[in-house]
Amino acid sequence: MSLQFNNEQMTEFNRLVARYPEGKQKSALLPVLHLAQDSFGGWLPTEAMDYVAGLLKIEPIEVYEVATFYSMYNLKPVGKFVFEVCQTGPCMVSGSDNIIAYIQKQLAIQPGETTKDGMFTLKLVECLGACGYAPMMQVGKIYREHLTKEKVDAIIAEYRMQVVAQN
Amino acid sequence: MGVKLLLEKANVPGIRTYDVYRREGGYATAEKALKEMSIEAIVEEVKKSGLRGRGGAGFPAGMKWSFIAKPEGVPRHLVCNADESEPGTFKDRYLMEFLPHLLIEGLLISSYALGSNDTYIYIRGEYAWVAQILEDAIVEATKNGWLGKNILGTGFDCRIHVHRGAGAYICGEETALIESLEGKRGNPRIKPPFPAIQGLWMRPTVVNNVETLAAIVPIIKLGGEEYAKIGVGRSTGTKLISACGNINKPGVYEIDMTISVEDFIYSDEYCGGIAGGKKLKACIPGGSSVPILPANLLLKTAKGETRYMNYESLSDGGFASGSMMGSGGFIILDEDQCIVKNTLTLARFYRHESCGQCSPCREGTGWMEKILQKIELGKGEMSDIDLLWDIQRKIEGNTICPLGDAAAWPVAAAIRHFRDEFEWHINNRELSQTSNFGLQHYADPIHVPA
Ligand SMILES: Cc1cc2nc3c(=O)[nH]c(=O)nc-3n(C[C@H](O)[C@H](O)[C@H](O)COP(=O)(O)O)c2cc1C
Ligand code: SF4
Ligand code: FES
């Protein structure tokens, strides 16, 4: 098997499992899937789910059931940066429609798509608990709030720079 | 300025760290509880306080605690519900982000009172950085002897674990949350058995909201009776309100529940009025699932009395002319907002979040979204309004968990109070694509305070 946690990830895995009583290690499934997704390129191929099932000593189907239920697990590859823009009521009344249209235009993609260079994915999501700081989106582990067109431009530029700097 | 019991210290620089929290008097209440009070005495204070669950249902916390089963040799658990996913609600995030030690102190006292040696905080997965803040605070509290083994030499052991969810509103429902914490899909369980008898890993479990558990600290500090003197009637203590939508100052506010809705919206201390000097059209006062109210019924009850920001007053008139305190997610819509579109986004939300176990909820939420979409796109028929009404009625009360009701209520209330706006959409198919119904609804122009 090619997909495996490295030592550091394994330490984290053990730390997560230790939170639950003996014999209840399945309880660690959600946190462990987060770890797997972060470790294996932002999504969960079947191989990753099977690996997690093996580590937790549960059936692969128990992992598939969970991975398909929760919206944060990606079952397909995604761009390096995923823009998850909230479209629910409070954000909508605060202008999220305009922001979504603007991002679509700037990245030349539709919701659900990834830019050709594999940099950005646009996803429309439901309330993220940031309604007072609307319009907003989640990018990776952080929230980008009070979005304006200028801010969107700056954020896109920032991530492009980040990649240039890494290369 | 109203009384502040939870957010009093929120602006103290560095209050997120243990040292500052402790210097400001933090953990003194936990010390008093663990060293000087019996378990029964703590539960008694919580009962006397009249504290009602802050997660949405408003169930008395002390009563819930007294239901927990105590079979010999079976561990019990306290689970803190930090799933916070009801649209309009972002108060728990604020509390955890700025005052993580207040929550931990509340969890420690509550764990002691309930006999939970392993307590879990189930936090929505998207709040990843908040989860990290809590983890850091737990490490600090453990280092300083407030968590771990034999706390303060009392013989009581307590560990607190942070468990991140992964994006599912339904996991805020307590039995779905428990399933999720067991590593499964978030399918609500059929009750009974209630979690207090068979919850997490079939052990007796209490699930309480973040704000409820944080409020335990001021309750034990002041004493239940003193706490109950704040507020009015059965709305005791203070409540966090997360205000959003078309207001000048969206944010999280702590109120003692004696303030009027009008003052809350228009005073500078709170929402600061409607943004851009516009007029108030409607409000969803307690999170997306509670009934939306038009401005006139929001500010005054059907009897013409002032409406206040508390449990009783917000629900005055029942669903015919009132709403609910719910989770405290206060959503304001100004004169330019379209009720059909707003209702559509909420219907889409509930369709997306239905776990799919019961057919009325799974199918009904999908139909409601489709019909609302049709009306919104200028393709609606008059019969669609009655069809929507019919569907929501068939969902309500016919499902395993209250998500079905939560999906039905917003649609019902929108039709109940804004039927002419739906009709206008249907009668003006083209016009409705480029302009808004605005405030035509009101024969009597809406009262706007100076
Ligand atoms: C669909 C649904 C979603 C819910 N979401 C939450 C939530 O995000 N946070 C919360 O504290 N309670 C939520 N609840 C209420 C919980 O089931 C439960 O009543 C609450 O956590 C009890 O805590 P309390 O008594 O302290 O309010 C939800 C209920 C339902 C039916
Ligand atoms: S009411 Fe909806 S969310 Fe609740 S159990 Fe039934 S299908 Fe699931
Ligand atoms: S509606 Fe967008 S964050 Fe709540």
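Computed from a prediction, not measured in an experiment: that's the story for all the values here.

Cut-offs used in this document
- Residues numbered from 1 in each chain as written.
- Chains lettered and ligands numbered in written order.
- Predicted model: local features only at pLDDT ≥ 70, side-chain atom pairs only at ≥ 80, totals over all residues.
- Heavy atoms only, no water.
- Helix = DSSP H or I, 4+ residues; strand = E, 2+ residues; numbered from the N terminus.
- Rg over C-alpha atoms; globule rule 2.2 N^0.38 Å.
- Contact = heavy atoms within 4.5 Å.
- Lys, Arg positive; Asp, Glu negative; His and termini not counted.
- Charge placed at Lys NZ, Arg CZ, Asp CG, Glu CD.
- Areas by Shrake-Rupley, 256 points an atom, 1.4 Å probe, with all protein chains shown as cover.
- Near = heavy atom within 4 Å.
- 1 Å grid on protein atoms, 1.4 Å probe; cavity = no way out; pocket = protein on both sides within 12 Å on 5 of 7 lines; lining within 4 Å.
- Sits in = over half its atoms within 2 Å of the grid points.
- Nonpolar A, V, L, I, M, F, W, Y, C, P; charged D, E, K, R; others polar.
- Buried area = accessible area lost by both parts, 1.4 Å probe.
- Salt bridge = Lys/Arg side-chain N within 4 Å of Asp/Glu carboxyl O.
- Buried < 20%, exposed > 50% of the residue type's maximum accessible area, 1.4 Å probe, protein only.
- Core = buried A, V, L, I, M, F, W, Y, C linked by side-chain atoms within 4.5 Å.
- Domains from an automatic or database assignment.
- Pairing = 2+ DSSP bridges.
- Axes fitted to C-alpha atoms, helices over the stretch in contact; angles between N-to-C directions.
- Polar contact = N/O pair within 3.5 Å; in protein donor to acceptor, adjacent residues only side chain to side chain.

## Here's the deal with the overall build of chain B
Move 1: Scanning chain B from N- to C-terminus turns up 19 helices and eleven strands.
Move 2: Taken over C-alpha atoms, the radius of gyration comes to 22 Å for chain B, in line with the 22 Å a tight globule of 450 residues would show.
Move 3: Seen through its principal axes, chain B has C-alpha atoms that stretch 75 × 50 × 35 Å.
Move 4: Put simply, of all contacts in chain B between residues at least 6 apart along the chain, 70% involve residues at least 24 apart.
Move 5: Taken together, the 49 basic and 55 acidic charged side chains of chain B have centroids lying 3 Å from each other.

## Topic: the overall build of chain A
Move 1: The helix and strand inventory of chain A stands at seven helices and four strands.
Move 2: As displayed, chain A has an accessible area near 7,700 Å², and 52% of this comes from carbon and sulfur atoms.
Move 3: Positive and negative charge centroids in chain A, built from 15 and 18 side chains respectively, lie 3 Å apart.

## Some remarks on the site of ligand 2
Residue and element names in this part refer to chain B.
Move 1: Taken together, 13 residues form the shell around ligand 2, and within it Cys-355, Cys-358, Cys-361, Thr-399 and Cys-401 come nearest.
Move 2: Structurally, ligand 2 is housed in the largest cavity.
Move 3: Here the shell around ligand 2 is built from residues that sort into eight nonpolar, five polar and no charged.

## Brief notes about the interface of chain B and chain A
For an interface, size is often stated in terms of accessible area lost upon the parts coming together.
Move 1: Between chain B and chain A, the residue contacts involve 56 residues of the former and 40 residues of the latter.
Move 2: Counting the surface lost from both chain B and chain A, the interface buries some 3,800 Å², and carbon and sulfur atoms represent 56% of this.
Move 3: Together, Arg-164, Ala-166 and Arg-185 of chain B form the three largest contributors to the area buried by chain B at its contact with chain A, with a combined 15%.
Move 4: Here chain B is connected to chain A by five salt bridges.
Move 5: Where Arg-15 of chain A meets Glu-135 of chain B, a salt bridge forms, and the shortest distance between an N and an O atom there is 3.4 Å.
Move 6: Listing elements by their share of the side of chain B that touches chain A, those giving two or more residues are α5 (91-98), β2 (118-123), α7 (128-143), β3 (159-164), α8 (174-181), β7 (238-245), β11 (329-334) and α15 (339-353) of chain B.
Move 7: Broken down by element, the side of chain B that touches chain A gets its largest block of residues, eight residues, from α15 of chain B.

## Digging into the pattern of salt bridges
Residue and element names in this part refer to chain B.
Move 1: Overall, the coordinates contain 41 salt bridges over all chains when judged by the stated rule.
Move 2: Put simply, Glu-423 and Arg-419 hold a salt bridge, and the shortest N to O gap is 3.4 Å. Within this pair, Glu-423 and its partner Arg-419 are both found in helix α18 (residues 403-427), separated by four residues, close to a single helical turn.
Move 3: On the basis of relative accessibility, which here comes to 28%, the residue Glu-423 falls in the partly exposed class.
Move 4: When salt bridges with common partners are traced through the structure, they connect Arg-54, Lys-91, Asp-92, Glu-211 and Lys-239 into a single cluster.

## Looking at the nonpolar core
Move 1: In this structure, Tyr-70 of chain A together with Trp-65 and Phe-422 of chain B are the most contacted members of the largest nonpolar core, which totals 162 residues.
Move 2: The biggest single contributor to this core is α18 of chain B, with eleven residues.
Move 3: Once you skip the residues sitting within four places of it in the chain, Trp-65 of chain B turns out to touch Ile-42, Val-43, Val-46, Ser-110, Ala-113, Leu-114, Val-206, Asn-208, Leu-213 and Ile-216 of chain B.
Move 4: Grouped together as the second largest cluster of nonpolar side chains are 27 residues, Tyr-266, Met-309, Met-325 and Ile-332 of chain B included.

## Things to note about the domain arrangement of chain A
Move 1: Split by domain assignment, chain A resolves into domain 1 (7-67) and domain 2 (81-166).
Move 2: Using only C-alpha atoms to locate each centre, domain 1 of chain A and domain 2 of chain A end up separated by 29 Å.

## Re the sheet that holds strand β4 (residues 142-144) of chain A
Residues and elements named next belong to chain A.
Move 1: The mixed open sheet is built from four strands, whose spatial order is β2-β1-β3-β4. Looking at the sheet topology across the chains shown, the edges are occupied by β2 (120-125) and β4. Strand-to-strand twist across the sheet, computed as the mean angle between neighbouring axes with direction ignored, equals 25 degrees.
Move 2: The pairing of strand β3 (residues 137-139) with β4 spans three bridges and is antiparallel. Paired with Val-139 across the bridge in β4 is Ile-142.

## Some words on the site of ligand 1
Residue and element names in this part refer to chain B.
Move 1: Contacts to ligand 1 come from 18 residues, most closely from Gly-55, Asn-81, Asn-208, Asn-209 and Thr-212.
Move 2: A distance of 2.7 Å is found between an oxygen atom of ligand 1 and a side-chain nitrogen or oxygen belonging to Thr-212.
Move 3: Protein chains shield 89% of the accessible area of ligand 1, which is 600 Å² for the free molecule.
Move 4: Under a 2 Å grid-point criterion requiring more than half of the atoms, the pocket assigned to ligand 1 is the largest pocket.
Move 5: For the shell around ligand 1, the element with the most residues is strand β4 (residues 205-209), which contributes three residues.

## A closer look at the environment of Ile-99 of chain A
All names here are of chain A.
Move 1: Relative to the helices and strands, Ile-99 resides in helix α6 (residues 96-107).
Move 2: Under the relative-accessibility criterion, Ile-99 is labelled buried at 5%.
Move 3: Spatially, the C-alpha atoms of Ile-99 and Gln-9 are 37 Å apart, while their sequence positions differ by 90 residues.
Move 4: In this structure Ile-99 touches Pro-135, Leu-147, Thr-148, Lys-149 and Val-152, once residues within four positions along its chain are discounted.

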